[in-house]
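# Summary of structural features
If you want the building blocks of each chain, they are given just below.
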Amino acid sequence: MQFRPLGRTGVQVSPLCLGAMMFGPWGNDDRADSIRIIHRALDAGINFVDTADVYSAGVSEEIIGEALRGRRDDVVLATKFFMPMGEDPNTRGGSRRWIIREVENSLRRLGTDYIDLYQVHRPSPDTDVKETLGALTDLVRAGKVRYIGSSSYSGSQIVEAQWASRERHLERFVTEQPPYSLLVRGIEEDVLPTTQRYGMGTLTYSPLAGGWLSGRWRKDAAGTPTSAARPGARFEMSSPANQRKLDIVEDLAQLAERTGISLIEMAIAFVLNHPGVTSAIVGPRTMEQLESYLSAADLKLSADVLDRIDEFVAPGVTVNPEDNSYGTHELTPAARRR
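No experiment lies behind these values; they were computed from the predicted model shown.

## Focus on the nonpolar core
- In terms of nonpolar packing, the biggest core is built from 85 residues, with L183, L213, L252, M266 and I309 touching the most fellow members.
- When residues of this core are assigned to their parent elements, the largest contribution, nine residues, is made by helix α8 (residues 263–273).
- Once residues within four sequence positions are removed from consideration, I309 is found in contact with L182, R185, L252, L255, M266, F270 and L301.
- If you look at the next biggest cluster of nonpolar residues, it comprises eleven residues, including V13, C17, A78 and V174.

## Here's the deal with the sheet that holds strand β10 (residues 279–282)
- Overall, parallel pairing links the eight strands, which are arranged β3-β4-β5-β6-β7-β8-β9-β10 in a closed barrel. Averaged over all pairs of adjacent strands, the angle between strand axes in this sheet comes to 30°, irrespective of strand direction.
- When strand β4 (residues 48–50) meets strand β5 (residues 76–81), the two strands line up parallel, connected through three bridges. When the bridges of β5 are listed, V49 appears paired with L77.
- Helix-sheet contacts for helix α4 (residues 129–141) involve β5, β6 (115–120), β7 (145–151) and β8 (173–177), and the interaxial angle to β7 is about 155°.

## Some thoughts on the packing of helix α1 (residues 31–43) against helix α9 (residues 287–294)
- Orientation of α1 relative to α9, taken along the N-to-C sense of each, is 15°, at an axis distance of 10 Å. One finds that α1 runs roughly parallel with respect to α9. Considering how the two elements wind past one another, α1 and α9 form a crossing that is right-handed. Of the residues in α9, those in contact with R36, I37, R40 and A41 of α1 are M287, L290, E291 and L294.
- Residue composition of the contact of α1 with α9, by class: five nonpolar, no polar and three charged.

## What to know about the pairing of β8
- With five of five residues buried, β8 is to be regarded as a mostly interior element.
- In this structure, β7 lies alongside β8, joined through four bridges in parallel fashion. Across the sheet, S150 pairs through a bridge with E176, a residue of β8.
- Read as a crossover between parallel neighbours, the route from β7 over helix α5 (residues 155–168) to β8 is right-handed.
- Pairing of β8 with strand β9 (residues 201–204), which is carried by two bridges, proceeds in the parallel orientation. Counterpart to E176 in the pairing with β9 is T202.

## Digging into unusual backbone geometry
- Positive phi, close to 50°, is recorded for S56, a residue that is not glycine.
- Structurally, the position occupied by S56 is in the loop between β4 and α2 (59–67).
- Residues other than glycine seldom take positive phi values, yet F82 does so here, at roughly 140°.

## Considerations on the pattern of salt bridges
- One pass over the full model with this rule turns up 14 salt bridges.
- E291 is paired through a salt bridge with R40; the nearest N and O atoms lie 2.7 Å apart. You can see E291 sitting in helix α9 and its partner R40 sitting in helix α1, a full 251 residues away along the chain.
- Given the relative accessible area of 36%, E291 is considered partly exposed.

Conventions we followed
The residue numbering used here restarts from 1 in each chain and proceeds along that chain's sequence as written. pLDDT decides what is reported in this predicted model: residues at 70 or higher carry local features, side-chain atom pairs at 80 or more are listed and counted, and totals for whole chains, interfaces and linings draw on all residues regardless. Water and hydrogen atoms were dropped before computing side-chain values, which therefore reflect all heavy atoms in the structure. We define the nonpolar core as a collection of buried residues of types Ala, Val, Leu, Ile, Met, Phe, Trp, Tyr and Cys that are connected through side-chain atoms lying within 4.5 Å of one another. Classification of residues uses two cut-offs on accessible area relative to the type maximum, computed with a 1.4 Å probe and protein chains only: under 20% is buried, over 50% is exposed, and between them is partly exposed. Put simply, DSSP H or I for four residues or longer makes a helix, DSSP E for two residues or longer makes a strand, and each gets a number counted from the N terminus. We call two residues contacting when some pair of their heavy atoms lies within 4.5 Å. Only strands joined by at least two bridges in the DSSP assignment are considered to pair. Each axis is a line fitted through C-alpha atoms, taken for helices only over the stretch in contact, and angles between the N-to-C directions span 0 to 180 degrees. Working definition: roughly parallel below 35 degrees, roughly antiparallel above 145 degrees, roughly perpendicular at 65 to 115 degrees, and oblique for all remaining angles. Take the far helix as the reference: if the near one is turned anticlockwise from it by less than a right angle, the crossing is left-handed, and if turned clockwise, right-handed. Each residue receives one of three labels: charged for Asp, Glu, Lys and Arg, nonpolar for Ala, Val, Leu, Ile, Met, Phe, Trp, Tyr, Cys and Pro, and polar for the others, Gly being one of them. If you view a crossover with the strands going away from you and the path from the first strand over the helix to the second runs clockwise, you call it right-handed. Counted as salt bridges are all cases of a side-chain nitrogen of Lys or Arg within 4 Å of a carboxyl oxygen of Asp or Glu.

Structure representation (structure tokens):
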């Protein structure tokens, strides 16, 4: 794989990032098998691994830690905090109190004394971004974290965080992690241009749109993708938006077939084709799934194929707004109505 710069950090990472959400009870509860998948990814040239404290309530981090024994320094290791880790309302969020406590938990589970990239899993409407950045800056200065990043921030939230870092002389977010796929293109309009202006790395997640672009789930398929990690509303088939997605998936699958590649390969290659994307996070549950992703790392799509894709889903459009990961607070009735 041809490595890419992680923003302006000087760090080089693989175009595919191994996402670990499916390692543990949320997906593959066989630890030995999960470790084999991780080792295969590393042997194939992937040097970038992303997880989060909340994935399987910490089990994913434990599996990653076990798999990286003896290979830790060869990997750019990323994890995230923010989501609830218990019933206590203080075991979540972006407060200094929680960040300082939770980084120690992640370090213990990962079996390491440093995290390469520590990311805020979601922006907090209740916490000043300066507090979050201040706590993360202290972790960088203490040597526990090398770089910091954000996830699911809107363009304006990215700008606010960058300015807060500049004003207070704090560490800045060097990466953003948004959803991006053939069906979820909203970030093309605002987020990707913003990360490019600030020289940030962009690690996109869900290139297969949560299973919609796996190639095995079509209009005539018997079932729907299921996972303990996926909200049911996004897969409600009676939704007009999801019916539209099924139609588009048919068109995309036929385009991939005519192009001589799989739908999975086309979906991942599409994400990696954008000049603002550093890595596409792929989250295999099985070895077979991982193998189906690897060939897309160096695949280039022709202008004709990209133009045809734009006819199915216009640039900047997310077919079902439920698939966006930001704007949930801003679009609630309480925020919009007086």
